[in-house]
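Spelled out, the chains give:
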Amino acid sequence: MFNIKTIVHSDAFLFCCFFSVGLLGYWVFFNSETAPASLKGDYSVYFNDKSNRIIVYSRKSCKYCIKLEAYFVSNHIDYLEKDIGESDFARAEYEQLGGYGTPLVLFRDELIIGFRKELILNKLQNADTNPKLSLSTHTVSPR
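Residues numbered from 1 in each chain as written. Predicted model: local features only at pLDDT ≥ 70, side-chain atom pairs only at ≥ 80, totals over all residues. Heavy atoms only, no water.

Visitor: An account of the overall build of the protein is needed here, citing residue identities and associated values.
Guide: Broken down by element type, the protein carries five helices and six strands. Reading the protein from its N terminus to its C terminus gives the helix and strand order α-α-β-β-α-β-α-β-β-α-β. Sequence separation of 24 or more characterises 70% of the internal contacts of the protein that already satisfy a separation of 6 or more. Looking at the protein as shown, the accessible area adds up to about 9,700 Å², and 59% of this sits on carbon and sulfur atoms. (Helix = DSSP H or I, 4+ residues; strand = E, 2+ residues; numbered from the N terminus. Contact = heavy atoms within 4.5 Å. Areas by Shrake-Rupley, 256 points an atom, 1.4 Å probe, with all protein chains shown as cover.)

Visitor: Describe the environment of Tyr43, naming the residues involved and giving the relevant values.
Guide: Relative to the elements of secondary structure, Tyr43 occurs in the loop between β1 (38–40) and β2 (55–58). By relative accessible area, Tyr43 is classed as buried at 12%. Separated by 65 residues in sequence, Tyr43 and Arg108 have C-alpha atoms that sit 4.8 Å apart. Discounting residues that sit within four places of it in the chain, Tyr43 has contacts with Leu97, Leu106, Phe107, Arg108, Asp109, Glu110 and Leu111. (Buried < 20%, exposed > 50% of the residue type's maximum accessible area, 1.4 Å probe, protein only.)

Visitor: Can you explain helix α4 (residues 88–96)? Please cite residues and give values.
Guide: The complete set of buried residues in α4 reads Ala90, Glu93 and Tyr94. One side of α4 holds all its buried residues, which, seen down the axis, span an arc of 100°. For α4, exposure combined with an orientation more than 90 degrees from the buried face picks out Asp88 and Gln96. Taking the backbone nitrogen of Phe89 as reference, a side-chain oxygen 3.3 Å away marks Ser87 as the first, capping residue of α4. Note on α4: the residue one or two positions beyond its end, Gly98, has a positive phi of about 115°. (Arc of directions from axis to C-beta. Polar contact = N/O pair within 3.5 Å; in protein donor to acceptor, adjacent residues only side chain to side chain.)

Visitor: Can you tell me about the pattern of salt bridges, naming the residues and giving the values?
Guide: Taken as a whole, this structure holds six salt bridges when the rule is applied. In this structure, the salt-bridge partner of Lys60 is Glu86, at a minimum N-O distance of 3.7 Å. Of this pair, Lys60 sits in the loop between β2 and α3 (63–74) while Glu86 sits in the loop between β3 (79–83) and α4; the two residues are 26 residues apart in sequence, bridging distant segments of the chain. Given the relative accessible area of 59%, Glu86 is considered exposed. Across the pair Glu95 and Arg91 runs a salt bridge, and its minimum N-O distance is 3.0 Å. With Glu95 and Arg91 both in helix α4 and four residues apart, the pair spans about one turn of that helix. Residue Arg91 is classed as partly exposed on the basis of its relative accessible area of 28%. Shared partners join several salt bridges into a network, and the residues in it are Lys40, Asp109, Glu110 and Lys123. (Salt bridge = Lys/Arg side-chain N within 4 Å of Asp/Glu carboxyl O.)

Visitor: Which residues make up helix α5 (residues 117–125), and what values go with them?
Guide: For α5, every residue scored as buried is listed here: Ile120, Lys123 and Leu124. Seen end-on, α5 carries its buried residues on one side only, within an arc spanning 95°. Seen from the open side of α5, the exposed residues pointing more than 90 degrees away from its buried face are Glu118 and Gln125. Taken together, the buried residues of α5 touch α3, β4 (104–106) and β5 (110–113).

Visitor: Please provide a residue-by-residue account of the pairing of β2, values included.
Guide: Alternating residues of β2 divide into Ile55 and Tyr57 and Val56 and Ser58, and every residue in both groups is buried. In terms of strand pairing, β2 meets β3 through four bridges, oriented parallel. Following the sheet pairing, Ile55 is matched in β3 by Leu80. This β-α-β element, β2 to α3 to β3, shows right-handed connectivity. (Pairing = 2+ DSSP bridges. Right-handed = clockwise from strand over helix to strand, strands pointing away.)

Have a look at this one:
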């Protein structure tokens, strides 16, 4: 005959309980978005120079920042890089923007979180001016 106390105190029951809680935690973690892909808004206050169309907040140790830089250079896309690990001013701006991780790609009207090539390419293709510049240069923030 089965006794509830015996079942509840069994190793198999405890294993099933812990396994179920772990599985639920795993599902919640990987099926919830911690940050949106992009945020629309007016970010023009971050652009001191009218010629800059893109600001990238990055870190030297970020592999996606390195991939983004390679993508911009290979496609001759001009941008202003602000290293949040090297500059307190860049770090303060990054935190004002929410600090969602790196790279943080800032346009005058949209903030793209992470290296989302499709979103960035779409944004550049829909821009009023040609995103392909004659020189593949980028500027590192002097601050």
